[in-house]
Amino acid sequence: MIRLERYGDVTRLRMSTWRSRSIGYEVSAYFAHGTLVDCGFPDVGAELESLVRELRPIGAIITHAHEDHAGNVIPLARLGVPLALSNAALASLRAAPRIRLYRRYTWGQPRPFAEPFAPYEAAHLRILPAPGHCPDHRVVWDAEHGTLFSADLWLGIHAKVMHHEEDPRQLVRDLRAAAALAPERMFDAHRGPVHDPARALAAKADWLDEMIGVIERRAREGWTDRTIVRAVLGGEEWAGFVSRGEYARANLVRNVRAGMEPAAPSPPPSLPA
Ligand SMILES: [Zn+2]
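Notes on the structure in this doc start here. (Residues numbered from 1 in each chain as written. Predicted model: local features only at pLDDT ≥ 70, side-chain atom pairs only at ≥ 80, totals over all residues.)

As for the overall build of the chain
Per the secondary structure count, the chain includes 10 helices and 13 strands. What you see for the chain is a C-alpha radius of gyration of 20 Å, in line with the 19 Å of a compact globule of 273 residues. Along the three orthogonal principal directions, the C-alpha set of the chain runs to about 80 × 40 × 35 Å. Within the span of the chain, comprising 273 residues, buried residues form 39% of the whole. (Helix = DSSP H or I, 4+ residues; strand = E, 2+ residues; numbered from the N terminus. Rg over C-alpha atoms; globule rule 2.2 N^0.38 Å. Buried ≥ 20, exposed ≤ 12 C-beta atoms within 10 Å, placed from the backbone.)

The structure is reproduced here in structure tokens:
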């Protein structure tokens, strides 16, 4: 199902299926000034294709290769829509690795992307790297209208669950860089339009920074990941079990620990004079 919502010059394409809704997930692509930002997931492919025939975008920007954002590049390319894609995202879409069951259930398995396509030069938009979510993740900045299409950068202030490849410290830098743009409007790929975006971005950066500090402290005190998840993050959530750890609170802890500087060595004992 794709529902259209209008926010002035921006149209939200709100996409879900009974399967995604059964576990509380949906995703949005956006259409503004002729450009499509993202294209949803494979299980809404047929519906998206007929919508694209109607909307006739001049091009599409794909923020990253996750299947809920880039899941319909094949129909877009077949319809002749030029695509703005990073090389890393393209390589991942060409390979189309088999995704885990919970993702296949929610969104559908993408097929390898082999179609030729014209590159899209979105001259009026800036595509900014924001690699905290995943290495190929980008956001789209429309400076003229003060609008940020934030893809998976924000996702709510207190989002404790993370993909295995998310880098919490980079995420903080990405959030602060986005807040510094002082966006008047922000469209999140899962939460839709976000009220007072600069503040929402800064609030998330502050919260995450604080979490990183607490996790680091506990890790240095010798706490295990499991204990930190339980005591600091309130335990694992169902997504962590269903995804067998791929999308879990434990990833926040593990990835904070992985990026920790080694503790400063204690000074050598001074030799007697
Ligand atoms: Zn993503």
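The discussion continues.
Points about the sheet that holds strand β4 (residues 35–37)
Ordered in space as β1-β2-β3-β4-β5-β6, the six strands form an open sheet in which the pairing is mixed. Each end of this open sheet is capped by a strand with a single partner; those strands are β1 (2–7) and β6 (83–84). In this sheet, β4 lies alongside strand β3 (residues 27–32) in antiparallel orientation, the contact comprising three bridges. Each bridged residue has a counterpart across the sheet, and for Ala 32 the counterpart in β4 is Thr 35. (Pairing = 2+ DSSP bridges.)

Some words on the packing of helix α6 (residues 168–180) against helix α7 (residues 197–220)
Here α6 crosses α7 at 155°, and the two axes come no closer than 8 Å. What the angle tells us is that α6 and α7 run roughly antiparallel. Here α6 runs over α7; the crossing is left-handed. Between α6 and α7, the contacting residues are Pro 168, Arg 169, Leu 171, Val 172, Leu 175, Arg 176, Ala 178 and Ala 179 on the first element and Ala 198, Leu 201, Ala 202, Lys 204, Ala 205, Leu 208, Asp 209 and Ile 212 on the second. (Axes fitted to C-alpha atoms, helices over the stretch in contact; angles between N-to-C directions. Parallel < 35°, antiparallel > 145°, perpendicular 65-115°, else oblique. Left-handed = near helix turned anticlockwise from the far one by under 90°. Contact = placed C-beta atoms within 7 Å.)

With respect to the sheet that holds strand β9 (residues 147–151)
Taken together, the five strands give an open sheet; going across it, the order is β7-β8-β9-β11-β12, and neighbouring strands pair in mixed fashion. Edge positions in the open sheet fall to β7 (126–129) and β12 (192–194), since each of these has one partner strand only. Within this sheet the neighbouring strands show an average axis-to-axis angle of 25°, counted without direction.

Describing the nonpolar core
Ranked by internal contacts, the top residues of the largest apolar core, which has 64 residues, are Cys 39, Ala 60, Ile 62, Val 73 and Leu 83. For this core, the element with the highest residue contribution is α7, accounting for six residues. With residues up to four places along the chain from it excluded, the contact list for Ile 62 reads Asp 38, Cys 39, His 69, Ala 70, Val 73, Leu 83, Ala 84, Leu 85 and Ala 89. (Core = buried A, V, L, I, M, F, W, Y, C linked by C-beta atoms within 7 Å.)

Some remarks on the environment of Val 10
With respect to the secondary-structure elements, Val 10 resides in strand β2 (residues 10–15). Along the backbone, Val 10 and Tyr 30 are 20 residues apart, and their C-alpha atoms lie at a distance of 6.8 Å. When neighbours within four sequence positions are excluded, Val 10 is seen to be in contact with Tyr 30, Ala 32, Thr 147 and Phe 187.

Comments concerning α7
Count 3.6 residues to each turn of an α-helix, and residues three or four apart come out pointing the same way. Between the first and last C-alpha of α7 there are 34 Å, a value that for 24 residues agrees with the 34 Å anticipated at 1.5 Å per step. For α7, every residue scored as buried is listed here: Pro 197, Ala 200, Leu 201, Lys 204, Ala 205, Leu 208, Ile 212 and Ile 215. Gly 222 occupies a position one or two residues after α7 and carries a positive phi of about 95°. (Expected span 1.5 Å × (residues − 1).)

Comments concerning helix α10 (residues 249–258)
Taken as a whole, α10 has its buried residues at Arg 249, Asn 251, Leu 252, Val 253, Asn 255 and Val 256. Check the buried side of α10 and you find it contacts β10 (162–163), α6, α7, α8 (225–233), α9 (238–242) and β13 (247–248).

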